[in-house]
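For reference, the chains in residue letters:
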Amino acid sequence: MEMVNLTINGRSVSAPSGSTILKAAKDVGIDIPTLCDHPSLTPIGACRMCTVEVEGQRTLVTACTFPVADNMVVQTESPRVVKARKLVLELLFSERNHICPSCESSGNCELQELGYRYGIDHWKYPAITKRFPIDATHRYMFLEHNRCVLCGRCERGCGELAANHTLGLGNRGSDSIINCDAMTPWGSSTCVSCGTCLQLCPTGAISDKRSAFMGRDTETERVKSTCNRCSIGCGIEVATRSNNVLRIEGDWEAVVNGGRLCENGRFAPLFESRKRITKPLVKTGDRQTEATWDKALSTAAELLGSVGGAEIGAVTTSDATNEALYLLSLIFRDNLKVSNVGMVNGAVPVLPGLPCGSLQDMLQSDIIIAAGVDPVSDQPVASFFVKRAVDLGARLILVDDKENELAPFASKKLGINEISTAADIAGEAASPFVLYGAGIAGDAMRALAKLGDKALFLALQPGVNTYAADALGFNNGFTPKSAKVLFAQIGEEGLTTGHMLAGIDDKTALIVQASYQSPLTQRADIVLPATIWSERKGSLTNSEGRVQKVNQAIKPQGEVKSDWEILSLLAETLTGKPPVTSLEELSTLAQQKITNKEI
Ligand code: SF4
Ligand code: SF4
Ligand code: SF4
Ligand code: FES
């Protein structure tokens, strides 16, 4: 990498050629204030907050867009620069409503922070407070034009990160406003409720309806974790206050999603209304009654010990952590010699011996085949990457026999029996990427595999932790009917439990590990209450095969325990000794088995 040498505030600095003054300064710890700039977005130099003085330049320049050059001399806080920044701030504060004490973002607003930094306690211009309407039509967010500084971060985020292009700039001059689909109410626009704009807005112009006025940033705690809503495994930051989750945000540093989240990851968990199970339950006669953990576990161990391995079944959903899957295999397959062990939904086979690509890799590809997969509804953040790659010039070939929401973005649509044509076209491209899912199998997979090392491949798994469940041997034919005693690890999953119940014999003794009440838990002889996403620790493996940590954000409700803790206690009750000494040891053992999976 070619480097250039420059001086910033009298300090010698080396920076890669082509980087901006802002980046070069930041890398050596020199802070230049910004407002319209964001590291995940293309800089546009709109707000002029980052202006700096460069020797030899007639005017001040914007550090977020101006490239470094050899022997450049930069001043970032000279009197001329500070005067210009104050002017910008006075103009911004004099227009629209920036009465901070009545704003939800007060204490967490970049404009307010800049006001403090440059001592803006009054402004010499007459205030222009036109009354723009508030758009409150969106289910999750308000758009308060009166607090907007027209920095365009929301618009760029919607286009560049979510690739949805709902937001744009409407009207002219001082009447300019951010608007949806050329002046459509937000709630009836093409918005997919990803909340990227909410996370990017530096002021109180876009706010979250649910957590508004429930806690400033300084009053909240933040924990990084991994979304458990689909197999993408997006990095999240959970904001909590007094043991309540206030907000979920995308982790800008997460390699998988780079800050993006979908509606399901950002908002849905906050609107969960199912009833929790907070204490172990044991059936006596026809009634379930609350029991101690000791009682529930010893009853479960007795039930499992009353039959041979051939009469036991164990099933898991893909919500289980790596650690729980490892222990489930250890207890049932290794200790109890159970062969009827499986997963509620099957895995998508990973094409053996072929290079695995990441979502980020898609942005460098010139052609994408999406075969038997509809990420728009199933793994939305993956669809943001596909659409962004198309925006950047990649061609999308869609191979599916069903209706597919990626269709409007495809340059070619083929049926699954035409998949060889797709592979032939991709074979001519420089950097093809193949995204495939449960909709293809057999010959179709072999046709794709012909691309070999030329392409990158990514199998989008249907469930959260399906990759790990498959690697740990749960992807086989499980038959609930033949089990006299059935252990079902359900976790938070709800959709599949009714269907599972239909396959279970009336006489089967049922032990269920679950977080929420369902027809399955009501039918169970023993219920072992499990934590939900925000309460548990452990790890998950995403579709890329990346093992990622799940961190506890709030204390568990009632007496619930993490899925792996429950299984560890069950193993101890069955054998008389704990299977592992710590979560760290368990995570290492699980990870070794998952990453050693032969593909
Ligand atoms: S929520 Fe997402 S899709 Fe909707 S306007 Fe904001 S960035 Fe665009
Ligand atoms: S709504 Fe927020 S992010 Fe969008 S332009 Fe206005 S201030 Fe900037
Ligand atoms: S794409 Fe999947 S992992 Fe990412 S935020 Fe949405 S539900 Fe969560
Ligand atoms: S941050 Fe550089 S112009 Fe806005």
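Residues numbered from 1 in each chain as written. Chains lettered and ligands numbered in written order. Predicted model: local features only at pLDDT ≥ 70, side-chain atom pairs only at ≥ 80, totals over all residues. Heavy atoms only, no water.

Enquirer: Break down the overall build of the protein chain for me, citing the residues and quoting the values.
Expert: Across its full length, the protein chain holds 18 helices and 27 strands. Relative to the globule expectation of 25 Å for 599 residues, the C-alpha radius of gyration of the protein chain, 28 Å, shows essentially globular dimensions. In terms of principal-axis extent, the alpha carbons of the protein chain reach across some 85 × 55 × 50 Å. Here the protein chain, with 599 residues, has 55% of them falling under the buried criterion. Sequence-distant contacts in the protein chain: of pairs separated by 6 or more residues, those separated by 24 or more amount to 68%. Surface summary for the protein chain: the accessible area is close to 25800 Å², and the carbon and sulfur share equals 50%. Put simply, the protein chain has 60 plus and 67 minus side-chain charges, and the middle of one group is 3 Å from the middle of the other. (Helix = DSSP H or I, 4+ residues; strand = E, 2+ residues; numbered from the N terminus. Rg over C-alpha atoms; globule rule 2.2 N^0.38 Å. Buried < 20%, exposed > 50% of the residue type's maximum accessible area, 1.4 Å probe, protein only. Contact = heavy atoms within 4.5 Å. Areas by Shrake-Rupley, 256 points an atom, 1.4 Å probe, with all protein chains shown as cover. Lys, Arg positive; Asp, Glu negative; His and termini not counted. Charge placed at Lys NZ, Arg CZ, Asp CG, Glu CD.)

Enquirer: Quick rundown of the sheet that holds strand 10 (residues 206-208)? Include the residues and the values.
Expert: If you walk across this open sheet you meet the three strands as 6-7-10, and the pairing is antiparallel. The strands lining the two open edges of the sheet, one partner per strand, are strand 6 (134-135) and strand 10. Here strand 6 pairs with strand 7 (residues 141-144) via two bridges, running antiparallel. Its bridge partner lying in strand 7, Ile134 is registered against Glu144. (Pairing = 2+ DSSP bridges.)

Enquirer: Break down helix 3 (residues 110-117) for me, with residues and values.
Expert: Turning to helix 3, its buried residues are Leu111, Gln112, Leu114 and Gly115. An end-on view of helix 3 places all buried positions within 160° of arc, on one side of the element. The exposed residues of helix 3 that point more than 90 degrees off its buried face are Glu113 and Tyr116. On its buried side, helix 3 packs onto helix 2 (79-94). One or two residues past the end of helix 3 sits Gly119, with phi positive at roughly 60°. (Arc of directions from axis to C-beta.)

Enquirer: How would you summarise the domain arrangement of the protein chain if you had to cite specific residues and measurements?
Expert: Under the domain assignment used here, the protein chain contains domain 1 (3-77), domain 2 (126-271), domain 3 (281-347 + 467-595) and domain 4 (359-460). Distance between the C-alpha centres of domain 1 and domain 3: 54 Å. (Domains from an automatic or database assignment.)

Enquirer: Could you give an account of the nonpolar core, naming the residues involved and the relevant values?
Expert: Within the largest apolar cluster, 44 residues are counted, with the highest numbers of intra-cluster contacts made by Phe332, Phe474, Phe487, Ile511, Leu528, Leu567 and Leu570. When residues of this core are assigned to their parent elements, the largest contribution, seven residues, is made by helix 8 (residues 322-335). Apart from the residues within four sequence positions on either side, Phe487 is in contact with Gly313, Ala314, Val315, Leu328, Phe332, Ile511, Gln513, Leu528, Leu567 and Leu570. (Core = buried A, V, L, I, M, F, W, Y, C linked by side-chain atoms within 4.5 Å.)

Enquirer: How would you explain the site of ligand 1 if you had to name every residue and give the values?
Expert: Surrounding ligand 1, one finds Met141, Cys158, Asn164, Leu167, Trp186, Cys191, Val192, Ser193, Cys194, Gly195, Thr196 and Cys197. Looking at the shell around ligand 1 residue by residue, the classes come out as eight nonpolar, four polar and no charged. (Near = heavy atom within 4 Å. Nonpolar A, V, L, I, M, F, W, Y, C, P; charged D, E, K, R; others polar.)

Enquirer: Could you give an account of the pattern of salt bridges, with specific residues and numbers?
Expert: In total, this model carries 25 salt bridges according to the counting rule given. In this structure, Lys23 and Asp27 form a salt bridge, with 2.9 Å as the shortest nitrogen-oxygen distance. One end of the pair is Lys23 and the other is Asp27, both in helix 1 (residues 21-27) and four residues apart, which spans about a single turn. Of the residues examined, Lys23 reaches a relative accessible area of 43% and is grouped as partly exposed. (Salt bridge = Lys/Arg side-chain N within 4 Å of Asp/Glu carboxyl O.)

Enquirer: Requested: an account of the environment of Ala63, with residues and values cited.
Expert: Looking at the element boundaries, Ala63 is found in the loop between strand 4 (61-62) and strand 5 (73-75). Residues Ala63 and Val512, 449 residues apart in the sequence, show an inter-C-alpha distance of 59 Å. When sequence neighbours within four positions are dropped, the list of residues in contact with Ala63 reads Thr20, Ile21, Leu22, Ile32, Cys50 and Val52.

Enquirer: An account of the environment of Glu110 is requested, with residue identities and associated values reported.
Expert: If you trace the backbone, Glu110 turns up in helix 3. For Glu110 and Pro202, which are 92 residues apart along the polypeptide, the C-alpha to C-alpha distance reads 5.2 Å. Leaving out residues up to four positions away in the same chain, Glu110 has contacts with Thr34, Leu35, Arg153 and Pro202.

Enquirer: Provide a residue-level description of the sheet that holds strand 11 (residues 221-226), including the pertinent values.
Expert: Pairing is antiparallel in the open sheet, where three strands are placed in the order 11-12-13. The open sheet has two free edges, formed respectively by strand 11 and strand 13 (244-250), since each of these has just one partner strand. Neighbour to neighbour, the strand axes of the sheet diverge by 30° on average, direction disregarded. (Axes fitted to C-alpha atoms, helices over the stretch in contact; angles between N-to-C directions.)

Enquirer: Pulling in residues and values, what's your account of the side chain of Arg247?
Expert: Structurally, Arg247 is set in strand 13. Leave out the neighbours within four places in its chain, and Arg247 touches Asp208, Ser211, Gly215, Asp217, Thr220, Glu237, Val238, Ala239 and Leu270.

Enquirer: Can you lay out the packing of aromatic side chains for me, pointing to particular residues and giving the numbers?
Expert: Inspection of every chain in the model, using the stated rule, returns four aromatic pairs. Here the aromatic rings of Tyr140 and Phe267 are separated by 4.1 Å at their centres, their planes lie at 5°, and the arrangement is stacked. Highlighted residues: Tyr140 in the loop between strand 6 and strand 7 and Phe267 in the loop between helix 6 (263-266) and strand 14 (281-284), separated in sequence by 127 residues. Of the residues examined, Tyr140 reaches a relative accessible area of 3% and is grouped as buried. Residue Phe267 is classed as buried on the basis of its relative accessible area, which comes to 1%. Three or more aromatic residues link up through ring pairs in this structure, and these residues are Tyr140, Phe267 and Phe271. A cation sits over an aromatic face here: Lys209 above Phe142, 5.5 Å from the ring centre. Just above the ring of Phe474 sits the side chain of Arg333; from NZ or CZ to the centre is 5.4 Å. (Phe/Tyr/Trp six-rings, centres within 6.5 Å; stacked < 30°, edge-to-face > 60°. Lys NZ or Arg CZ within 6 Å of the ring centre and 35° of its normal.)

Enquirer: Would you mind going over the packing of helix 8 against helix 18 (residues 583-595) in detail, with residue names and values included?
Expert: The contact between helix 8 and helix 18 brings their axes to 9 Å, and the two run at 80°. Accordingly, the angle class assigned to the pair helix 8 and helix 18 is roughly perpendicular. Residue-level inspection shows Asn322, Glu323, Tyr326 and Leu327 of helix 8 in contact with helix 18, the latter providing Leu583, Leu586, Ser587, Leu589, Ala590, Lys593 and Ile594. Among the residues forming the contact of helix 8 with helix 18, the class breakdown is seven nonpolar, two polar and two charged. (Parallel < 35°, antiparallel > 145°, perpendicular 65-115°, else oblique.)

Enquirer: Quick one: what's the story with helix 11 (residues 380-391), residue by residue and with numbers?
Expert: Look at helix 11: 17 Å from first C-alpha to last across twelve residues, which is about the 16 Å you get at 1.5 Å a residue. For helix 11, a buried count of ten out of twelve residues is recorded, marking the element as mostly surrounded by other parts of the structure. Residues Pro380, Val381, Ala382, Ser383, Phe384, Phe385, Val386, Lys387, Arg388 and Ala389 constitute the buried set of helix 11. Of the surrounding elements, those touching the buried residues of helix 11 are helix 4 (153-161), helix 9 (359-362), strand 18 (367-371), helix 10 (375-378), strand 19 (395-399) and strand 21 (432-436). Trailing helix 11 by a residue or two, Gly393 shows a phi angle of about 115°, which is positive. (Expected span 1.5 Å × (residues − 1).)

Enquirer: Can you break down the pairing of strand 15 (residues 287-290) residue by residue, with the values?
Expert: Every other side chain in a regular strand lies on the same face of the sheet, so the side chains alternate between the two faces. Bridge count between strand 14 and strand 15: four bridges; the pairing is antiparallel. The residue bridging Thr284 from the neighbouring strand is Arg287, located in strand 15. From the end of strand 14 to the start of strand 15, which pair antiparallel, there are two residues, and Gly285 there has a positive phi angle of about 65°.

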